[in-house]
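# Structure at a glance
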Amino acid sequence: MNKNKDVAGEEPAGALMADVARLAGVAISTVSRALANPGRVNEKTRAKINAAARQLGYTPNAMARGLRVGKSNIIMIILPGSLYYGVSQIIPQVLQSINKTLIQGGYNLMIANLDRDEASERHILDLAFGGSVRGAIILSSKLPEVDGRSLANSGLPIVSMLLDMSDAGLQSVVTNDREAVRDVTAELVRLGHRRFLYLAGPEGNYHDVERYGGVLEALDAAGLPQQAVRRSGGRLDYQHGFDIGVQAADDFTKLAEKPTAVIATSDDMAISFISRIKRAGLRIPDDLSVVSFDGSPVCEFSAPPLSTIEQPVEEMGRAAVELLLDTIGRAQNPAPLRTVIRSRLILRESIAAAKT
């Protein structure tokens, strides 16, 4: 009897990427790379993978096949909130990267929530405990928990992306927030800036802790006191970046001793800040330098073009999926809990030397 027939014996059940990986003796992430980017895998390994795929009849089109063999091929994405993020394209870019890599691996993406209310949390937990999904990628620092059930106790493979949850035992894919902001602050100090305004996300949030920590480290290394930076914001979530930038512009006008450089922790904050501050007659960068974090494509087309720290979201999405698929496939050599992919500073016309 053909073991690739389904129960009724009518059609092939098909193979999963994990089956190909086992037969070829490699990790699932290696199979994913070989199929998506053959040049990234050596010829000998690629040949083994191709032979295994042919032998098993594998093609990356998996939802129906997964259901026939009793295994869900759905990966659940848990968002921090609604999809609206102003001009920032970080979440849509992350989803695009994750979806592309999952499809190449024979899996399907499902967004499990568009809000983080109790009903959404309960739905996420029902999916996790009910076996409807194979794994989860979480883009939020808070794991769903309702009525004593927690996603952490579901037994589901989970990878955190953008937020470091390695302390909670979750594999995490992050960028170097602290180092990146420290380096750009040091560059502003080199350009003669000695007074700064920091536009903050919610106080205590992972990103705010890391990015503000980078500012303070750069000031300390330059022999400047912590009082050299003033904070604005700290109450609203990053979804309200435009509002944070508008409030920061108001805060700036009330300061007796004006900062000469602004470090915004999202592109939304920086763009709305610049818009309001220009109405007050200030010129960017002649009177005030501004840098932001995220790297949205719109930054290139703002006025003036905005310097920004670009998050490597495509690489991060791909890495998160590969880690998750390796966990699903029970890779023999588990990856470190924390994977850091470096961001890059894009210098544009919004930064200049401080006036003497």
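Keep in mind that this is a model prediction, so the values were computed, not measured.

Attention now goes to the sheet that holds strand β11 (residues 289–294). Spatially, the 6 strands line up as an open sheet ordered β9-β8-β10-β11-β12-β14, and their pairing is mixed. Across the chains shown, the open sheet's two edge strands, defined by having one partner strand only, are β9 (229–233) and β14 (344–346). Ignoring which end each strand starts from, the neighbouring axes of this sheet average 20 degrees apart. Where strand β8 (residues 196–200) lies against strand β10 (residues 261–264), 4 bridges are found, and the strand directions are parallel. The residue bridging Leu199 from the neighbouring strand is Ala264, located in β10. Each of β8 and β9 touches helix α9 (residues 241–254); the most contacted strand, β8, lies at about 150 degrees to it.

With respect to the secondary-structure elements, Thr308 resides in strand β12 (residues 307–310). On the accessibility criterion, Thr308 (0% relative accessible area) is buried. There is a polar contact of 3.0 Å between the side chain of Thr308 and the side chain of Asp267. Within the local environment of Thr308, its side chain forms a polar contact with the side chain of Ser292, the two groups lying 3.2 Å apart. The residues contacting Thr308, other than those within four sequence positions of it, are Asp267, Val291, Ser292, Phe293, Asp294, Gly295, Cys299, Arg344, Leu345, Ile346 and Arg348.

Moving on, we come to helix α1 (residues 17–24). Among all positions in α1, only Met17, Ala18, Val20, Ala21 and Ala24 are buried. The buried residues of α1 occupy an angular sector of 160 degrees when projected down its axis, which confines them to one face.

So, about the nonpolar core. Val94, Ile98, Ile137, Leu139, Met161 and Val173 are the most contacted members of the largest nonpolar core, which totals 39 residues. Residue assignment for this core shows that the elements contributing at least two residues are α1, α2 (28–36), α3 (43–56), β1 (74–78), α5 (90–104), β6 (158–161) and α11 (313–328). Tallying contributions element by element places α11 first for this core, with 9 residues. Apart from residues lying up to four places away in sequence, Met161 is in contact with Val94, Ile98, Ile137, Ile138, Leu139, Val173, Val313, Met316, Gly317 and Ala320. Listed in part, the 20 residues of the second largest apolar core include Leu188, Val189, Ala261 and Ile263.

A few words on the sheet that holds strand β3 (residues 135–138). Read from one edge of the open sheet, 6 strands run β2-β1-β3-β6-β7-β13, paired in parallel fashion. Two strands bound the open sheet, and with one partner strand each, they are β2 (108–111) and β13 (338–340). Across the sheet, the mean angle separating the axes of adjacent strands is 20 degrees when strand polarity is ignored. Each of β1, β3, β6, β7 (171–174) and β13 is contacted by α11, which is oriented at about 165 degrees to β6, the strand it contacts most.

A separate point is empty space enclosed by the protein. Under the defined criterion, the tally for this structure stands at 1 cavity of 30 Å³ or more. Each pocket or cavity is described by its volume, and for the largest cavity that value is around 40 Å³. At the level of elements, α7 (177–190), β10 and β11 are the ones that each hand at least two residues to the lining of the largest cavity. Ranked by residues supplied to the lining of the largest cavity, first place goes to β11 with 3 residues.

Moving on, we get to the pairing of β8. For β8, the buried fraction is high: 5 of the 5 residues fall into the buried class. Every second residue of β8 is oriented toward a common face, with Phe196, Tyr198 and Ala200 on one face and Leu197 and Leu199 on the other, all of them buried. In this structure, β8 lies alongside β9, joined through 5 bridges in parallel fashion. Considered in β9, the bridge of Ala200 is made with Gly233. In this region the chain leaves β8, passes through helix α8 (residues 206–221) and returns to the parallel neighbour β9; the handedness of that crossover is right-handed.

About the thresholds
- Residues numbered from 1 in each chain as written.
- Predicted model: local features only at pLDDT ≥ 70, side-chain atom pairs only at ≥ 80, totals over all residues.
- Heavy atoms only, no water.
- Pairing = 2+ DSSP bridges.
- Helix = DSSP H or I, 4+ residues; strand = E, 2+ residues; numbered from the N terminus.
- Axes fitted to C-alpha atoms, helices over the stretch in contact; angles between N-to-C directions.
- Contact = heavy atoms within 4.5 Å.
- Buried < 20%, exposed > 50% of the residue type's maximum accessible area, 1.4 Å probe, protein only.
- Polar contact = N/O pair within 3.5 Å; in protein donor to acceptor, adjacent residues only side chain to side chain.
- Arc of directions from axis to C-beta.
- Core = buried A, V, L, I, M, F, W, Y, C linked by side-chain atoms within 4.5 Å.
- 1 Å grid on protein atoms, 1.4 Å probe; cavity = no way out; pocket = protein on both sides within 12 Å on 5 of 7 lines; lining within 4 Å.
- Points joined across faces, edges and corners; volume = space filled by probe spheres on them.
- Right-handed = clockwise from strand over helix to strand, strands pointing away.

None of the figures reported here should be taken as evidence of function without further support.
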